[in-house]
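Each chain is listed here by its residues.
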Amino acid sequence: MKDNKNRKIRNIIEALCLHEDADSIRVLEQMGTNSSDDEIRELTARALVRKNMHDSLAVTITNKGKGINDMSTVVAMSTINELLALDNKDEALKILSDTVEMHSDEEVRENARSVKALMALS
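Since we're looking at a predicted model, the values are computed, not measured. (Residues numbered from 1 in each chain as written. Predicted model: local features only at pLDDT ≥ 70, side-chain atom pairs only at ≥ 80, totals over all residues. Heavy atoms only, no water.)

Peer 1: Provide a residue-level description of the nonpolar core, including the pertinent values.
Peer 2: One broad trend across soluble globular proteins is that nonpolar side chains are buried collectively. In terms of nonpolar packing, the biggest core is built from 15 residues, with L57, I61, I68, L83, A92, L96 and V115 touching the most fellow members. A total of 4 residues in this core trace back to one element, the largest contributor, which is helix α6 (residues 90–102). In this structure, I61 is in contact with I68, N69, L83, A92, I95, L96, T99 and V108, ignoring residues within four places of it in sequence. Counting 10 residues, the second largest nonpolar core, distinct from the first, contains L16, L28, L43 and A47. (Core = buried A, V, L, I, M, F, W, Y, C linked by side-chain atoms within 4.5 Å. Buried < 20%, exposed > 50% of the residue type's maximum accessible area, 1.4 Å probe, protein only. Helix = DSSP H or I, 4+ residues; strand = E, 2+ residues; numbered from the N terminus. Contact = heavy atoms within 4.5 Å.)

This is the structure:
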């Protein structure tokens, strides 16, 4: 039963990843990145990065407790790896730079600085 439920959740996350509208980003953020389940948060963060849109990337880069700032190292590292795998890193690098320069939370700024350095090397 659990495998069937997980497959359905994966399919929903993938379907939302394919949509380019703002509502898909909102649903992924509200339902997926706020989940208590690490796997769902990981799948959601990866989907948001793959969208490679300003709003979807901002969720995974600038929000405390989400994406690269998730308390789960598995979720955070998976998000970082997805960012590194992007073909076009321009928007992600812009958001990382803005986060380093302007975010109010020191931990979020430091995470953005570290990921930006990794992306510069990739």
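Peer 1: An account of the pattern of salt bridges is needed here, citing residue identities and associated values.
Peer 2: Counted according to the given criterion, the structure contains 12 salt bridges. Each of D38, R41 and D70 takes part in one network of salt bridges that share partners. (Salt bridge = Lys/Arg side-chain N within 4 Å of Asp/Glu carboxyl O.)

Peer 1: Let's hear about empty space enclosed by the protein: which residues, and what values?
Peer 2: This model, assessed by the stated rule, comprises 1 cavity of 30 Å³ or more. The volume enclosed by the largest cavity comes to roughly 50 Å³. Looking at the largest cavity, the residues that line it are N6, I9, R10, D37, E39, I40 and L43. Of all the elements in the fold, those that place two or more residues in the lining of the largest cavity are α1 (2–18) and α3 (38–51). When grouped by side-chain class, the residues that make up the lining of the largest cavity number 3 nonpolar, 1 polar and 3 charged. (1 Å grid on protein atoms, 1.4 Å probe; cavity = no way out; pocket = protein on both sides within 12 Å on 5 of 7 lines; lining within 4 Å. Points joined across faces, edges and corners; volume = space filled by probe spheres on them. Nonpolar A, V, L, I, M, F, W, Y, C, P; charged D, E, K, R; others polar.)

Peer 1: Can you break down helix α2 (residues 22–32) residue by residue, with the values?
Peer 2: At 3.6 residues per turn, the α-helix brings residues three or four places apart onto the same side. Among the residues of α2, S24, I25, L28 and G32 are the ones counted as buried. Along the long axis of α2, the arc covered by the buried residues comes to 100 degrees, so they all point the same way. Facing away from the buried side of α2 by over 90 degrees, the exposed positions are A22 and M31. Its side-chain oxygen 3.0 Å from the backbone nitrogen of D23, D21 forms the N-cap of α2. (Arc of directions from axis to C-beta. Polar contact = N/O pair within 3.5 Å; in protein donor to acceptor, adjacent residues only side chain to side chain.)

Peer 1: So what's going on with the packing of α3 against helix α4 (residues 54–62)? Residues and values would help.
Peer 2: Between α3 and α4, whose axes approach to 7 Å, the crossing angle comes to 135 degrees. The orientation of α3 with respect to α4, classified from their angle, is oblique. Here α3 runs over α4; the crossing is left-handed. Between α3 and α4, the contacting residues are A45, L48, V49 and K51 on the first element and S56, L57, V59 and T60 on the second. A class-by-class count of the residues in the contact of α3 with α4 yields 5 nonpolar, 2 polar and 1 charged. (Axes fitted to C-alpha atoms, helices over the stretch in contact; angles between N-to-C directions. Parallel < 35°, antiparallel > 145°, perpendicular 65-115°, else oblique. Left-handed = near helix turned anticlockwise from the far one by under 90°.)

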